[in-house]
Amino acid sequence: MFGAGGGTSSYREIEETDLVVLWGSNAREAHPIFFHHLLKGLRRGARLFAVDPRRSPSAQWADAWLGIDVGSDIALANAVGNEIIRSGLVNTEFIRRATTGFEEYAAAIAPCTLEEGERLTGVPAALIAELAHEYARAPRAQLCWTLGITEHHTATDNVLALCNLALLTGHVGRYGSGLVPLRGQNNVQGGGDMGALPNKFPGFQDVEDDAVRARFDARWGVRVPPRRGWHLSQMFEAMEKGELRALYVLGENPAQSEADTKRAVRLLEGLEHLVVQDIFLTRTAQLADVVLPAAVAAFETEGTVTSSERRVQRLRPALPPPGEARDDLSILADLSEKLGARWDRPSAEEVWDECRALSPMHAGMRYDRLEALGGIQWPCPSEDHPGTVFLHGRLWDEDPERRGSPAPFSPVEYEPPLDGLSEEFPVRLTTGRRLDSFNTGVQTGSYASPLRRPETIDLCPEDLERLGVGEGELVRVSSRRGAITVPVRLDRSLRPGLAFMTMHFPDQADTNVLTLDSWDPKSGTAEFKATAIRIDPLPAAGDSLLAGTLERAG
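Bear in mind the structure is a predicted one, so any value in this text is a computation, not a measurement. (Residues numbered from 1 in each chain as written. Predicted model: local features only at pLDDT ≥ 70, side-chain atom pairs only at ≥ 80, totals over all residues. Heavy atoms only, no water.)

Before going further, it helps to spend a moment on the pattern of salt bridges. Here the structure, examined in full by the defined rule, presents 41 salt bridges. In this structure, the salt-bridge partner of Glu83 is Arg86, at a minimum N-O distance of 2.9 Å. Pair noted here: Glu83 and Arg86 are both in helix H4 (residues 73–86), with a separation of three residues, about one helical turn. For Glu83, a relative accessible area of 3% puts it in the buried group. For the salt bridge of Arg219 with Glu354, the shortest nitrogen-to-oxygen distance reads 3.9 Å. Here the residue Arg219 occupies a position in helix H12 (residues 210–220), and Glu354 occupies one in helix H19 (residues 348–358), the gap between them amounting to 135 residues. Classification of Glu354 by relative accessible area gives partly exposed; the value is 29%. (Salt bridge = Lys/Arg side-chain N within 4 Å of Asp/Glu carboxyl O. Helix = DSSP H or I, 4+ residues; strand = E, 2+ residues; numbered from the N terminus. Buried < 20%, exposed > 50% of the residue type's maximum accessible area, 1.4 Å probe, protein only.)

Structure (structure tokens):
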């Protein structure tokens, strides 16, 4: 954001701030380590606002819960922004000195009054006003979000809508005030930092920038293609068109993690060649022509990882890889030689030093410094630089030259979810995680946990009564793409018309058969969070035989 591909703040800041907004984030279950930092802040007196369709375990800690209708985040953010402006609570000096586009933004959100915000979001106008006033008046405030706002067809615009609020109030570029995207999986931040994006080199440098590309060309001794590649959603579209015929999958399980999994599996099965490199024989690996057994990065390899606070840390192997499993780097080096490029088996440190030579924001992070300092937060441009606790402090600099480019306001318009509710599909399904499990269950499903229970579709008491079903009974859940059978569970955190499921147990109940694979044109993220479904009770006889089975639509 504002030119940097990471969150602005450190974990410690959440402990020492005055107000926290969790927007589309059930951090208590999805990011429990971060949530412990947040709890320290609450114990020191910080107030917590939770914006979430469910009164989740995180929202239950909040001073105020804004139970938003799924997919209406932009409408809520615009209403909050409009109320801040209407009430004269903007940070006028910061806006004048450090931003651009305020007048256009203010005009764009003017129609989104408190009453209009309530109509579009389901959040009472008084609560919208309370959030606006408390956020604007707080001496320091942290605005945190995660997949609850990014797994939508308006993902990027959702984030921009929140960034606008920080610019309005000056809650960015200062210790204790910032914008905090909580990353969805281990080392997601590091993957992006290292160029695992179709349009970026390591250090978030643009592939289509000729000057940047020339440095990589010279270092690598090859000509890097001058145009960005496909993101994941575009890859599946290319498979459908026959433009992508071979796929190399490292540590990913798209056969079960992609939206509309029936389509995903069909396209994966139709490839001419599929290679999977993983530590488990996942559902995707079972479709592969070649499986390369990899070592566990966290315990069996050497390298670095990066946390959500931009902290790069060293990893060391605690155990040797079992059997024929090998370090990813070793596998890639051998493969490169087979393809005609000699890498000469570089060590992890040698690869890291090459990265430092090409990525200015990592330049000062020698291995010995990472060790001595317990990790370093980027940017760290030189070997005498301590790392950066928080980003965009430049925006507060009195000197215009040191302040650099201003941060732009980004007017965005509310668009409802693509999978609209109807008489046939009247219930909104949203998905998320539980504390005891992870993603498609590959890493967590093979061991027992006293916390774990099988997959269910969670409904409020009113919906159970309307359907005439009791807790534990099986129902058929259908969307416009497919159907599954799954037991019902009572969840008093939900409102009528809202259902919740996870993706943790795809072998029992493949939730992503239901979800929509339409995606945000800016980020490529699919709209997992807003599916229209119908729920039908099943006949009692033989229900137990149907548990967890996948039904084919049509």
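Glancing now at the domain arrangement of the protein. Each domain of the protein was delimited in the assignment, giving domain 1 (11–181), domain 2 (188–307 + 311–377) and domain 3 (427–537). Using C-alpha coordinates to define each centre, domain 1 is positioned 34 Å away from domain 2. (Domains from an automatic or database assignment.)

Checked against the element boundaries, Ser233 lands in helix H13 (residues 232–241). Judged by relative accessible area, which is 9%, Ser233 ranks as buried. A polar contact of 2.6 Å, which involves the side chain of Ser233, links it to the backbone oxygen of Gly524. Ignoring any residue separated from it by four or fewer positions in sequence, one finds Ser233 in contact with Trp519 and Gly524. (Polar contact = N/O pair within 3.5 Å; in protein donor to acceptor, adjacent residues only side chain to side chain. Contact = heavy atoms within 4.5 Å.)

Two orientations exist for strands paired in a sheet by backbone hydrogen bonds: parallel and antiparallel. Sheet architecture is open: three strands sit in the order S9-S10-S11, paired in parallel fashion. Each edge of the open sheet is held by one strand with a lone partner, namely strand S9 (246–250) and strand S11 (290–293). Here the strands of the sheet are splayed against their neighbours by 10° on average, with no regard to which way each runs. Sheet topology places strand S10 (residues 273–278) next to S11; four bridges connect them, and they run parallel. Of the residues in S11, the one forming a bridge with Gln277 is Leu292. (Pairing = 2+ DSSP bridges. Axes fitted to C-alpha atoms, helices over the stretch in contact; angles between N-to-C directions.)

Peptide bonds are, in most cases, trans, and in most cases residues other than glycine have a negative phi. In this structure, Pro379 follows Trp378 across a cis peptide bond, with omega equal to 0°. Inspection of the secondary structure puts Pro379 in the loop between strand S14 (376–377) and helix H21 (400–403). With phi around 65°, Arg310 is a residue other than glycine that occupies positive phi space. Within the element layout of this structure, Arg310 appears in the loop between strand S12 (303–306) and strand S13 (311–315). Of the residues examined, Arg310 reaches a relative accessible area of 0% and is grouped as buried. For Asn439, which is not glycine, the phi torsion reads 45° and is therefore positive. Tracing the chain through its elements places Asn439 in the loop between strand S16 (427–432) and strand S17 (457–459). On the basis of relative accessibility, which here comes to 16%, the residue Asn439 falls in the buried class.

Another aspect to go through is the pairing of S9. The alternating pattern of S9 places Leu247 and Val249 on a buried face, while none of Ala246, Tyr248 and Leu250, on the opposite face, is buried. Pairing geometry for S9 and S10, over five bridges, is parallel. Within S10, the position partnered with Leu250 by the bridge is Gln277.

A separate point is the sheet that holds strand S6 (residues 178–181). Taken in spatial order, the five strands line up as S3-S2-S1-S5-S6 in an open sheet, and their pairing is parallel. Bordering the open sheet on either side are strand S3 (64–66) and S6, each of which pairs with just one other strand. Within the sheet, the average angular offset between the axes of one strand and its neighbour, ignoring direction, is 15°. In terms of strand pairing, strand S1 (residues 19–23) meets strand S2 (residues 47–51) through five bridges, oriented parallel. When the bridges of S2 are listed, Trp23 appears paired with Val51. Packed onto the sheet, helix H8 (residues 125–137) meets S1, S2, S3 and strand S5 (141–145) and runs at close to 135° relative to S2.

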